[in-house]
Amino acid sequence: MARRAGSADLPLHNGRVPAWLGQRMTKLGAVIAEAIVHEYGRDEFLRRMAHPFWFQSFGSVMGMDWHSSGITTSVIGALKRGLNPIAGELGIHVCGGRGKHSRATPGELLDIGDRVGLDGGALGQASKLVAKVDSAGVQDGFDLYLHGFIVTDDGQWVAVQQGMNGDKRQARRYHWLSEDLKSFVDAPHSAIDGKNQGEIVNLTDRRAEASRTGQLSLLSDFGPDKIIGEVAALRRSAEAAPQPAQGMLPHLVMPEHHDLRAGDVVLRRLHGALAAAADAGPKDFSDLLMVPGVGARTVFSLAQVAEVVHGAPCRFSDPARFSLAHGGKDRHPYPVPTRVYDKTLAVLRDALHKAKLGNDDRLAAIKRLDTQARQLERRVGGPSFDAFVDDERAHSHEYGGRSVFGREEAPAAKPSRPRKASA
């Protein structure tokens, strides 16, 4: 996966993840991570975590708010709860988190170093340095409040940090990857996510090397007091001067609207997953995976989870689409279908368990589902986005629909189009 820089606007949202969803996110996040490691190795899992588009898709498929800043906190928390108990087997350790948990990262890394033979002190220093660079080296108007650090037994790591701009009600996420990292202060980022807020002071840019050297010389030659006076004079002079326009980096814009709309997804990809579920799910995958009650609705969710495990980077240009697998806790795009969620999780865990014992047939079947969905999307049609969401909401109570507002009740009137509601 190529290293890339980008930006995304992540609206700040209040609220907590309810326990019934947090427990499921922990299990699904862990089994997806295990499947990626099983198929592609630990380094590839770190590369995925360092990819901002994939990261947003990962959180969406787990039932979190599809566009909000809360995905970052919930994904790091779910992985910490799900992966750390199996770190001895998987070789992946998750540290840090939000607030006080972020400050505990160096101590956690020392403990991990003692257990697996790594230099925990050096890893802790790396953790502190990436936080310093994103809080002081890149002055973009966002104050860091979250720091996640994931390290493998062989010393490779990824850091995911997030800052907020309270005045603008926006967040910015930063991704670091140790792979090919040669300097903490010379263009080290794998990616920076956040909407352009105007002029950014980025002292980690390679073009800023002369500036970094000059700042050290100024501090040595003139001292801080004189420098502060000069800076104040420059600011007074600059306030009246016109500001040059900033070039826009490629960026993912997560919109302010909370409801999911047709323009937020690539419809042909949705149709491909639906077609694969309808064609292969009820007869082929139900028998193959040997999980009672698995029908087209669960296979549709499996197809999207399979894409998160196996998909190429270009497949994650519309992370909102992955919220259609398991809905969202705030009923956007629809309530979380807990029965579908649990069956999806059961299929994945069973397939992964058998793969660990040497039988890859069921895990391979899920991979084929992803391949089939991509092939079908080139030639199939399907319902409109609004019709699909309306139908899902009409049957939400049959799928165990649940949100922060409670369990879904049956609608007063039956939907006009009869549908077999097998999960």
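Rules and cut-offs
- Residues numbered from 1 in each chain as written.
- Predicted model: local features only at pLDDT ≥ 70, side-chain atom pairs only at ≥ 80, totals over all residues.
- Heavy atoms only, no water.
- Helix = DSSP H or I, 4+ residues; strand = E, 2+ residues; numbered from the N terminus.
- Contact = heavy atoms within 4.5 Å.
- Core = buried A, V, L, I, M, F, W, Y, C linked by side-chain atoms within 4.5 Å.
- Buried < 20%, exposed > 50% of the residue type's maximum accessible area, 1.4 Å probe, protein only.
- Salt bridge = Lys/Arg side-chain N within 4 Å of Asp/Glu carboxyl O.
- Pairing = 2+ DSSP bridges.
- Axes fitted to C-alpha atoms, helices over the stretch in contact; angles between N-to-C directions.
- Parallel < 35°, antiparallel > 145°, perpendicular 65-115°, else oblique.
- Nonpolar A, V, L, I, M, F, W, Y, C, P; charged D, E, K, R; others polar.
- Phe/Tyr/Trp six-rings, centres within 6.5 Å; stacked < 30°, edge-to-face > 60°.
- Lys NZ or Arg CZ within 6 Å of the ring centre and 35° of its normal.
- Expected span 1.5 Å × (residues − 1).
- Arc of directions from axis to C-beta.

- If you check an unreviewed UniProt entry, the chain appears there as DUF763 domain-containing protein from Methyloligella solikamskensis.

**A closer look at the overall build of the chain**
Argument step 1. Per the secondary structure count, the chain includes 15 helices and 12 strands.
Argument step 2. A fraction of 69% describes how many contacts in the chain between residues 6 or more apart in sequence connect residues 24 or more apart.

**So, the nonpolar core**
Most often, soluble globular proteins have nonpolar side chains that are buried together.
Argument step 1. Of all hydrophobic cores here, the largest spans 81 residues; its most connected members are Ile 32, Phe 45, Met 49, Phe 58, Leu 79 and Leu 83.
Argument step 2. Sequence-distant contacts of Phe 45, that is, excluding residues within four places in its chain, are made with Ala 33, Ile 36, Val 37, Trp 54, Leu 79, Leu 83 and Ile 92.
Argument step 3. Core analysis: the next-biggest nonpolar cluster, separate from the first, contains 12 residues, Ile 112, Leu 123, Val 133 and Val 151 among them.

**A short note on the pattern of salt bridges**
Argument step 1. Here the structure, examined in full by the defined rule, presents 22 salt bridges.
Argument step 2. Between Glu 179 and Arg 47 there is a salt bridge; the shortest N-O distance is 2.7 Å. Here Glu 179, found in the loop between strand S6 (170-177) and strand S7 (191-193), pairs with Arg 47, found in helix H2 (residues 42-49); they are 132 residues apart in sequence, far enough to count as distant.
Argument step 3. Given the relative accessible area of 23%, Glu 179 is considered partly exposed.
Argument step 4. Across the pair Glu 307 and Arg 315 runs a salt bridge, and its minimum N-O distance is 3.0 Å.

**Section: the pairing of strand S5 (residues 157-165)**
Looking along a regular strand, one sees the side chains alternate between the two faces of the sheet.
Argument step 1. Taken across its nine residues, S5 has eight buried, putting it largely inside the fold.
Argument step 2. Across eight bridges, the pairing between strand S4 (residues 143-152) and S5 is antiparallel. When the bridges of S5 are listed, Ile 150 appears paired with Val 158.
Argument step 3. What sits between S4 and S5 in their antiparallel hairpin is a turn of four residues, with Gly 155 showing a positive phi close to 90 degrees.
Argument step 4. Two strands pair when backbone bridges link them, and S5 and S6 are joined in this way by eight bridges, in the antiparallel orientation. Looking at S6, one finds that Val 160 is bridged to His 175.

**Observations concerning the environment of Met 254**
Argument step 1. Structurally, the position occupied by Met 254 is in the loop between strand S9 (251-253) and helix H10 (267-289).
Argument step 2. According to the relative accessible area criterion, Met 254 is buried, its value standing at 2%.
Argument step 3. Separated by 245 residues in the primary sequence, Met 254 and Asp 9 place their C-alpha atoms 5.2 Å from one another.

**With respect to the sheet that holds strand S12 (residues 406-407)**
As a general point, the strands of a sheet are linked pairwise by backbone hydrogen bonds and lie either parallel or antiparallel.
Argument step 1. An order of S10-S11-S12 is seen for the three strands of this open sheet, with the pairing classed as antiparallel. With one partner strand each, in any of the chains shown, strand S10 (336-337) and S12 form the two edges of the open sheet.
Argument step 2. As paired elements, strand S11 (residues 401-403) and S12 share two bridges and run antiparallel to each other. Bridge pairing links Arg 402 to Arg 407 in S12.

**Regarding the environment of Lys 168**
Argument step 1. Assignment of secondary structure puts Lys 168 in the loop between S5 and S6.
Argument step 2. Separated by 27 residues in the primary sequence, Lys 168 and Gly 141 place their C-alpha atoms 9.9 Å from one another.

**Brief notes about unusual backbone geometry**
Argument step 1. That bond from His 332 to Pro 333 is cis: its omega, 5 degrees, falls within 30 degrees of zero.
Argument step 2. Mapped onto the elements, Pro 333 comes out in the loop between helix H12 (323-326) and S10.
Argument step 3. The phi dihedral of Arg 169 falls on the positive side, at around 55 degrees, and the residue is not glycine.
Argument step 4. Locating Arg 169 in the fold gives a position in the loop between S5 and S6.

**What about the packing of helix H13 (residues 338-356) against helix H14 (residues 361-376)?**
Argument step 1. Contact geometry of H13 with H14 gives a least axis separation of 7 Å together with a crossing angle of 130 degrees. One finds that H13 runs oblique with respect to H14. Contacts from Val 347, Leu 348, Asp 350, Ala 351, Leu 352, Lys 354 and Ala 355 in H13 reach Arg 362, Leu 363 and Ile 366 in H14.
Argument step 2. Per-class residue counts for the contact of H13 with H14 are seven nonpolar, no polar and three charged.

**A few points about the packing of aromatic side chains**
Argument step 1. Throughout the structure, instances matching the rule amount to five aromatic pairs.
Argument step 2. A ring pair is formed by Phe 300 and Phe 388, whose centres lie 5.6 Å apart and whose planes are at 65 degrees; its orientation type is edge-to-face. In this pair, Phe 300 sits in helix H11 (residues 296-310) while Phe 388 sits in helix H15 (residues 385-394), placing the two residues 88 residues apart along the sequence. Of the two residues, Phe 300 and Phe 388, neither departs from the other in class, the shared state being buried.
Argument step 3. Here Arg 297 stacks its cationic end above the ring of Tyr 399, 5.9 Å away from the centre of that ring.
Argument step 4. Over the aromatic face of Phe 322 sits the side chain of Arg 321, whose NZ or CZ is 4.6 Å from the ring centroid.

**Digging into H14**
Argument step 1. Taking 1.5 Å of rise per residue, 16 residues should cover 22 Å, and H14 covers 22 Å from first to last C-alpha, within 8% of that figure.
Argument step 2. Those residues of H14 not exposed but buried are Arg 362, Leu 363, Ala 365, Ile 366, Leu 369, Asp 370, Ala 373 and Leu 376. The buried side chains of H14 occupy one side of the element, clustering within an arc of 160 degrees when seen end-on.

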